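One letter stands for each residue in the lines below.
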Amino acid sequence: MSSTPSAHLQTLRLEANEDSIAYAAAQLRAGEIVALPTETVYGLAGNARDAAAVARIFAAKGRPSFDPLIVHLASESGETFTSPSRQLEAQGWIDAAALSEEAQAIVDRLVRAFWPGPLTLVLPRAPAVLEAVPGAVPTVALRMPSHPIMQRVLQQSGCALAAPSANRFAQISPTRAEHVMAELQGRIPLVLDAGPCAIGLESTIVQVDAEGGLALLRPGKIGASLLASFGRLRRASEGAVHESTRPLAPGMLSRHYAPQTLTRLFETPLSLAQSLRELGASLQSARAGEGIGLLLLQAPDAELRALLNTWPAHYCRWLSEGGDAEEAAHRLYASLRELDGLALSALWVQCPTQEEGLWGAIRDRLRRAAAAPAD
Ligand code: TXA
Ligand code: MG
């Protein structure tokens, strides 16, 4: 597999409309790769049944080829899934025989409840699924996105689309077309721009094992407590699902989704206030603290505001005025990118304390962002 992307002198960024959707679909049918909006983050898509297209995705991202891609499926409008697991088998994606009847019933219930939407299912793969799943994994990751533009491209191209997040390997996922341009300009031919992604965090990934046990491989908007009502759920860290020792989902590598700037987490405004006081005492002047950017979960209270008065205002951001998790998730990556772009010496980022739900997913991403770089 080639590691250098084919040179595209210019990356076209087109507003998503009838014409650009038709053009993107034709490009995909012809084996090209295209960055597309989804409800979670922008994806870099290629025909999942075309080995050359899949190789182009890996080359453009600079992604190691052992890391498999999620396959995105079209939703046929008005379709009621009588037996989604049988349907996925008939379409040549999964090996339903490798799932017990109970496991198949759980897959069916999960699909009916959450597709189209931000849930990726990792299931035993059919032997024919080769291109989208390089390496030796015996599974395939499938998702039916709900974004209307993504769905129209899927339907018009007639291709299932392998699509990782449209960023360079180990960088922050893009939630706007301009982020895709910042990451991949000159490395891909086309981005369809449909504005900011509604959710802003990557899909929840759940593996269903042969007996119907569920393993949460990546937390997301669809939370663990909701999933636990569908079957026995464990977090992947509680025990590997594959025999191999390499990470189940490289999203699980400790450092991933990382800004360039040194990132330090704190959990409460109280510990921030303490750090600010210590910093203030150790610095000659408040201006010397200008090299630090602050990202809070919600607007600071009066006490913190008073402390921050000496702080250059444009270096302090909060994700949601009133501490709303959906708004915070929606703005997380764009805010990190913006602060990262200021070339500061450090980012101090407030990390939610909750392990559950959307706050838990934000916590997961921030802990990875702040992990020490692997050498
Ligand atoms: O929201 C999303 O899921 C976005 C949008 C574009 O759909 N996609 C996305 O893809 O986040 P990516 O490649 O950036 O992250 C997918 C993760 C990777 O960590 C990959 O290792 C894991 O899913 N994955 C893919 N296939 C897998 C499999 N068969 N078993 C375990 N993990 C898998
Ligand atoms: Mg990614």
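Going by the structure above, here's the rest.
Let me begin by describing the structure that accompanies this report.

Quick look at the overall build of the protein now. Looking only at helices and strands, one finds 11 helices and 15 strands in the protein. Burial analysis of the protein (375 residues in total) assigns 55% to the buried set. For the protein, restricting intrachain contacts to residue pairs at least 6 apart in sequence, the fraction spanning at least 24 positions comes to 68%. Element-wise, carbon and sulfur atoms account for 52% of the exposed surface of the protein, whose accessible area totals about 15900 Å².

The next subject is the packing of aromatic side chains. Following the criterion strictly, the structure yields 1 aromatic pair and no others. Here the aromatic rings of Phe114 and Phe230 are separated by 5.4 Å at their centres, their planes lie at 50°, and the arrangement is tilted. Of this pair, Phe114 sits in helix H4 (residues 101-114) while Phe230 sits in the loop between helix H7 (224-227) and strand S11 (233-235), and the two are 116 residues apart along the sequence. The pair formed by Phe114 and Phe230 is uniform in burial state, with each residue classed as buried. Stacked on the ring of Trp348, the Lys or Arg Arg264 has its end atom at 4.6 Å from the ring centre.

Looking now at the side chain of Arg363. Within the secondary structure layout, Arg363 lies in helix H11 (residues 357-370). Of note is the side chain of Arg363, whose polar atom sits 3.5 Å from the side chain of Glu355. For Arg363, the contacting residues outside a window of four places in its chain are Glu267, Cys351, Pro352, Thr353, Gln354 and Glu355.

This brings us to the sheet that holds strand S6 (residues 139-143). With mixed pairing, the 11 strands of this open sheet are ordered in space as S1-S8-S2-S3-S7-S4-S6-S5-S9-S10-S11. Of all the strands in the sheet, just strand S1 (12-15) and S11 have a single pairing partner and so form its edges. In this sheet, strand S7 (residues 161-162) lies alongside strand S3 (residues 43-47) in antiparallel orientation, the contact comprising 2 bridges. Bridging from a neighbouring strand, Gly46 pairs with Ala162 of S7.

This part takes up unusual backbone geometry. With omega at -10°, the peptide bond leading from Trp115 into Pro116 counts as cis. Secondary-structure assignment places Pro116 in the loop between H4 and strand S5 (119-124). Even without a glycine there, the phi angle at Ala170 is positive, about 70°. Here Ala170 is to be found in the loop between S7 and helix H6 (177-184). Owing to a relative accessible area of 21%, Ala170 belongs among the partly exposed residues under this scheme. Here the phi dihedral of Ala343 falls at roughly 55°; this positive angle occurs in a residue that is not glycine. With respect to the helices, strands and loops of the structure, Ala343 is situated in the loop between helix H10 (325-340) and strand S15 (346-350).

Leu110, Leu121 and Leu142 are the most contacted members of the largest nonpolar core, which totals 53 residues. Within the residue set of this core, elements represented by two or more residues are helix H2 (51-61), H4, S5, S6, H6, strand S9 (204-208), strand S10 (214-218) and H7. Leave out the neighbours within four places in its chain, and Leu142 touches Ile70, Val71, Leu73, Leu88, Trp93, Ile94, Trp115, Leu119, Thr120, Leu121 and Leu123.

Each value, and the rule that gives it
Residues numbered from 1 in each chain as written. Chains lettered and ligands numbered in written order. Predicted model: local features only at pLDDT ≥ 70, side-chain atom pairs only at ≥ 80, totals over all residues. Heavy atoms only, no water. Helix = DSSP H or I, 4+ residues; strand = E, 2+ residues; numbered from the N terminus. Buried < 20%, exposed > 50% of the residue type's maximum accessible area, 1.4 Å probe, protein only. Contact = heavy atoms within 4.5 Å. Areas by Shrake-Rupley, 256 points an atom, 1.4 Å probe, with all protein chains shown as cover. Phe/Tyr/Trp six-rings, centres within 6.5 Å; stacked < 30°, edge-to-face > 60°. Lys NZ or Arg CZ within 6 Å of the ring centre and 35° of its normal. Polar contact = N/O pair within 3.5 Å; in protein donor to acceptor, adjacent residues only side chain to side chain. Pairing = 2+ DSSP bridges. Core = buried A, V, L, I, M, F, W, Y, C linked by side-chain atoms within 4.5 Å.

Interpretation note: all reported values are geometric properties and have no functional meaning in isolation.
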